[in-house]
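Overview (structure and organization)
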Amino acid sequence: MTYLDYQATTPLAAEARQAMLRWLAEDGFANPHSAHAMGRAAKAAVEVAREQVAALFPPGGKVIFTGSATEAINLAIQGRAYGAIAVSAIEHAAVRDTARAVGSYHELPVGPDGLVDPQVALPDGLGLVAVMQVNNEIGTIQPVAHLAERAHQVGALFLCDAVQGAGKLAAPASADLIAVSAHKLYGPKGIGALWIRDGVELSPLIHGGGQESGLRSGTLSPALCAGFGAAVQVALARQEEDAAHVSGLWDAARDELARWTLNGSETERWKGNLNLRLNGLDVARLMSECRRVMFSAGSACASGSGRPSHVLRALGLSDNEARSSIRLGFGRYTTREELIEACRAIDAAAKTQGV
Amino acid sequence: MSETPLYLDHAATTPLLPAAREAMLHGFAIWANPSSPHAPGRKARAALEEARSRIGAALDWKGEIIFTSGASEALALAIARCVQPLAAVSAVEHEAVLRHAGEAARLPVDARGLVDPAACALSGLVAVQQVNNETGVIQLVDAIVAAVRSAGGLLLIDAAQSAGKLDTPDADLIALSAHKFGGPIGVGALLVRDWALLRPTGGQERGYRGGTENVPDVLAMAAALEAGRDWLDQARQLRERLEQEIVAAGGEIVAADAPRLPTIGAYRMPGKSANAQLIRFDGQGIAVSAGSACSSGSLRTSHVLEAMGQVGANEVIRVSIGRETTAADIDRFITAWRGVAGA
């Protein structure tokens, strides 16, 4: 079985698992908000993890642990009254749906390459601009540094969903709010973080014990925090190595699937994401015929919904083109041999469809 | 500080049960995204759904279950998304409810910490905890359910301290947290009698809670609930002994006349501030707390004890026992208590 769905989730790194085990051990429990000695030890572990996670981000801000990136994004968007919000047309539903729900919503288009134009017109009265760093469906890297500057010029804050880019690319230095998720960078599920630039005030969505500077109540899990921290540490230490590995995988897969059309920019992209289409392809049939290759059509969250991807439509693809697209995602633990074998299986299965 | 730690703060969090740890490690192995349509994704989904039905069975809950990151999130979700606005909350709720309460009425409690069920006959959403986290007092939940229902209201129960220990109440919305009953920190649930009681937001969990589901922690939560509650009999005996000795040593039991969970007790040591007590106990390796973990160290007077009209509220500490607590642990604590009280 070959797992080619690294955008949906990544395997838990052995280092992250190891860091978690210490806090899942029989004597490893304690509420990090308790004042006694055991509580203080748990708190120390949470703070070490916070430092490790903070290394993902620019200086001059704080890391708030959340239950997921979705929650981090909700906190960023709902935690403040912004007035109008502009988001790219290819944002994840966590950004799109939340921005839509809170009020005046404006969509920034992308070109056929899946990129927002850095000179895109911004409407008046903007309070927040949200553009993701790396798209989860097509892997394109957005010009976030430039867009953050543009947002600041019109007096708006800039939120970056860095879920797919964190640990792989440097964080956008000029963003005001950055959301990340542990399980997309080989850490555990159940934890994410919001980075908040100093001076940006938010109000909490989850009240209670007042944890996380009052911004996010709920007992923090030392195990999840430690696993997240360790995963970040490994990702940063291996950043170049991981990128080189993924780049090699990309070249191999592109060679194997040379007759397929790439969705999204060839150059401005994270190379662990290969979104391809073949006119006339029946993706559901392909998936059932390639049962040993785990890949997806669109994002995990939307898959199975039957709706054509809003991302592929935003590129200008027809519904039929969107429906004949697949996403192959690979990363640190993918081997070249298994990827090549999987690509050949996919291509052969497509050929049996006559496409 | 060389003494072995004695942990009597199980209301703050309690150790992960071995069965829960096993379940979590198994969950690490099925790490695919349960929303993915491929085989590993479907396997993760199947494990998630199986755990959901096991949790329903363990809690004897026939309604729906939404997985969250914990009780605080479950409570926030319930209050924000309920079709009825929040009308009233008890004065002794956890901050996770109180801080959302805004203009909602505060239901007072008597000296035993009990809400008058008749006062709960309100339309709108009424939030009352099953068990208080600081005193262990068990509310008259059946009567409260009847009162709320008679008035056409909806009842939200914070069951963070009671889930897995007491029967699940017949409420409309119930919040719980796994790490209070031997599951992991970082996962909880909102039990929902009927989907029609909540407005969806989109995303996972049938559109009621976005975010990739934390499958390992959910599996561990199911295993922890299935571990059962036979141990509570032993807890009851240990607590009886603890309280006899505390009273004999001049201490005072908070809400002694109220129905109380056998694992949580609040005790006043007259003439000694809770903070001074905690420092002394901590110095002997004994972990207890003043009020909730979240507010410990804040030196604020507990709003719970204040609402009960408790005399000497700042001299009260919480002692909470767990599955592993032994008679020897209780003896050690009593000896320490006498030392702190006498010095």
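Residues numbered from 1 in each chain as written. Chains lettered and ligands numbered in written order. Predicted model: local features only at pLDDT ≥ 70, side-chain atom pairs only at ≥ 80, totals over all residues.

Helix and strand counts for chain A come out as eleven helices and twelve strands. For a compact globule of 355 residues, the expected C-alpha radius of gyration is about 20 Å, and chain A comes in at 21 Å, within 12% of that figure. Within chain A, the proportion of its 355 residues that are buried is 61%. The contacts of chain A with a sequence gap of at least 6 include a subset with a gap of at least 24, amounting to 72%. (Helix = DSSP H or I, 4+ residues; strand = E, 2+ residues; numbered from the N terminus. Rg over C-alpha atoms; globule rule 2.2 N^0.38 Å. Buried ≥ 20, exposed ≤ 12 C-beta atoms within 10 Å, placed from the backbone. Contact = placed C-beta atoms within 7 Å.)

With that settled, the discussion passes to the overall build of chain B. Helix and strand content of chain B: eleven helices and twelve strands. Scaling as 2.2 N^0.38, a compact globule of 343 residues should have a C-alpha radius of gyration of about 20 Å, and chain B matches this with 20 Å. If you line up chain B on its principal axes, its C-alpha atoms span 65 × 45 × 35 Å. Relative to all contacts within chain B whose residues are 6 or more apart in sequence, the contacts with residues 24 or more apart total 72%.

This part covers the interface of chain A and chain B. Across the boundary between the two partners, chain A contributes 53 residues, which contact 54 residues of chain B. Mapped onto the side of chain A that touches chain B, the elements with two or more residues apiece are α2 (37-54), α3 (69-78), α4 (93-102) and α6 (222-237) of chain A. For the side of chain A that touches chain B, the residue count by class is 23 nonpolar, 23 polar and seven charged. (Nonpolar A, V, L, I, M, F, W, Y, C, P; charged D, E, K, R; others polar.)

Residues A231 of chain A together with V126 of chain B are the most contacted members of the largest nonpolar core, which totals 212 residues. If we skip the residues at most four places from it in the chain, A231 of chain A touches A13, A16, A182, L185, Y186 and G187 of chain A. In this structure, W250, V283, M287 and L339 of chain A belong to the second largest nonpolar core, which totals 29 residues. (Core = buried A, V, L, I, M, F, W, Y, C linked by C-beta atoms within 7 Å.)

What follows concerns the environment of P118 of chain A. Residues and elements named next belong to chain A. Note that P118 resides in the loop between β4 (105-108) and β5 (126-130). Along the primary structure P118 and E149 are separated by 31 residues, whereas in three dimensions their C-alpha atoms are 9.6 Å apart. Ignoring sequence-local partners within four residues, the contact set of P118 consists of P143, H146 and L147.

Let us look at helix α7 (residues 239-256) of chain A. All names here are of chain A. An ideal rise of 1.5 Å per residue puts 26 Å on 18 residues; α7 measures up with 26 Å between its terminal C-alpha atoms. Taken together, the buried positions of α7 are occupied by D242, H245, V246, L249, W250 and A253. Along the axis of α7, the buried positions cluster into a sector of 145°, meaning they face one direction only. Opposite the buried face of α7, at more than 90 degrees from it, the exposed residues are E240, E241, A244, D251 and D255. Each element contacted by the buried residues of α7 is listed here: β10 (273-277), β12 (325-329) and α11 (336-352). (Expected span 1.5 Å × (residues − 1). Arc of directions from axis to C-beta.)

Here the focus is the pairing of strand β5 (residues 125-129) of chain B. Sheet faces and side chains relate simply in a regular strand, where the side chains alternate between the two faces. All names here are of chain B. Counted residue by residue, β5 has five buried out of five residues, so it is predominantly covered. On β5, burial covers both faces: L125, A127 and Q129 on one face and V126 and V128 on the other are all buried. Sheet topology places strand β3 (residues 86-90) next to β5; three bridges connect them, and they run parallel. What sits directly across from A88, in β5, is V126. Of the strand pairs in this sheet, β5 and strand β6 (residues 154-158) are connected by five bridges, and their pairing is parallel. Within the sheet, the bridge partner assigned to A127 lies in β6 and is L156. In terms of handedness, the path from β5 via helix α5 (residues 141-150) over to β6 forms a crossover that is right-handed. (Pairing = 2+ DSSP bridges. Right-handed = clockwise from strand over helix to strand, strands pointing away.)

One can find E103 of chain B in the loop between α4 (95-98) and β4 (105-107). It is 8.6 Å that separates the C-alpha atoms of E103 of chain B and A88 of chain B, two residues lying 15 residues apart in sequence.

The next point concerns the domain arrangement of chain A. All names here are of chain A. We note that the domain assignment places domain 1 (2-9 + 239-352) and domain 2 (14-237) within chain A. The centre of domain 1, based on its C-alpha atoms, is set 26 Å off from the matching centre of domain 2. Opposite the 23 residues of domain 1 that make contact, domain 2 presents 25 residues. Going through the elements one at a time, α7, β10 and α9 (310-314) are the ones with two or more residues in the side of domain 1 that touches domain 2. With three residues, α7 is the largest single contributor of residues to the side of domain 1 that touches domain 2. Of the residues belonging to the side of domain 1 that touches domain 2, the class tally is six nonpolar, twelve polar and five charged. (Domains from an automatic or database assignment.)

In this section: the environment of D257 of chain B. All names here are of chain B. Within the secondary structure layout, D257 lies in the loop between β9 (252-253) and β10 (264-268). We classify D257 as exposed; it has 12 C-beta atoms within 10 Å. When the C-alpha atoms of D257 and F67 are compared, they prove to be 36 Å apart, with 190 residues separating the residues in sequence.

In this section: the confidence of the model for chain B. On average, residues of chain B score 95 in pLDDT, and 97% of them are at 70 or above. As scored by the predictor, the complex reaches a pTM of 0.92 and an ipTM of 0.87. (pLDDT = per-residue confidence, 0-100.)

Residues and elements named next belong to chain B. As far as domains go, chain B holds domain 1 (6-15 + 230-342) and domain 2 (18-226). Summarising the inter-unit geometry, the C-alpha centres of domain 1 and domain 2 are found 26 Å apart. Between domain 1 and domain 2, the contact holds 25 residues from the first and 25 residues from the second. At the level of elements, β10 and α10 (303-307) are the ones that each hand at least two residues to the side of domain 1 that touches domain 2.

Below, the discussion takes up the sheet that holds β10 of chain A. Across the sheet, which stays open at both edges, the three strands sit in the order β9-β10-β12 (chain A) with antiparallel pairing between neighbours. Looking along the sheet, the strands with just one partner apiece sit at the ends: β9 (261-262) and β12 of chain A.

All names here are of chain A. Look at α7 against α11: their axes get within 9 Å of each other, and the N-to-C directions meet at 25°. Between α7 and α11, the interaxial angle falls into the category roughly parallel. For α7 against α11, the interelement crossing comes out right-handed. Residues G248, L249, A252, A253 and E256 of α7 form the contact with α11, whose own contacting residues are R336, L339, I340, C343, R344 and D347. Taken together, the residues that form the contact of α7 with α11 break down as six nonpolar, one polar and four charged. (Axes fitted to C-alpha atoms, helices over the stretch in contact; angles between N-to-C directions. Parallel < 35°, antiparallel > 145°, perpendicular 65-115°, else oblique. Left-handed = near helix turned anticlockwise from the far one by under 90°.)

This part is about the sheet that holds β9 of chain B. Residue and element names in this part refer to chain B. Reading across from one edge, β9-β10-β12 is the order of the three strands in this open sheet, with antiparallel pairing throughout. In the strand order of this sheet, the two ends are held by β9 and β12 (316-320), each with one partner. When β9 meets β10, the two strands line up antiparallel, connected through two bridges. Each residue of the ladder has a partner; that of I253, found in β10, is Y267.

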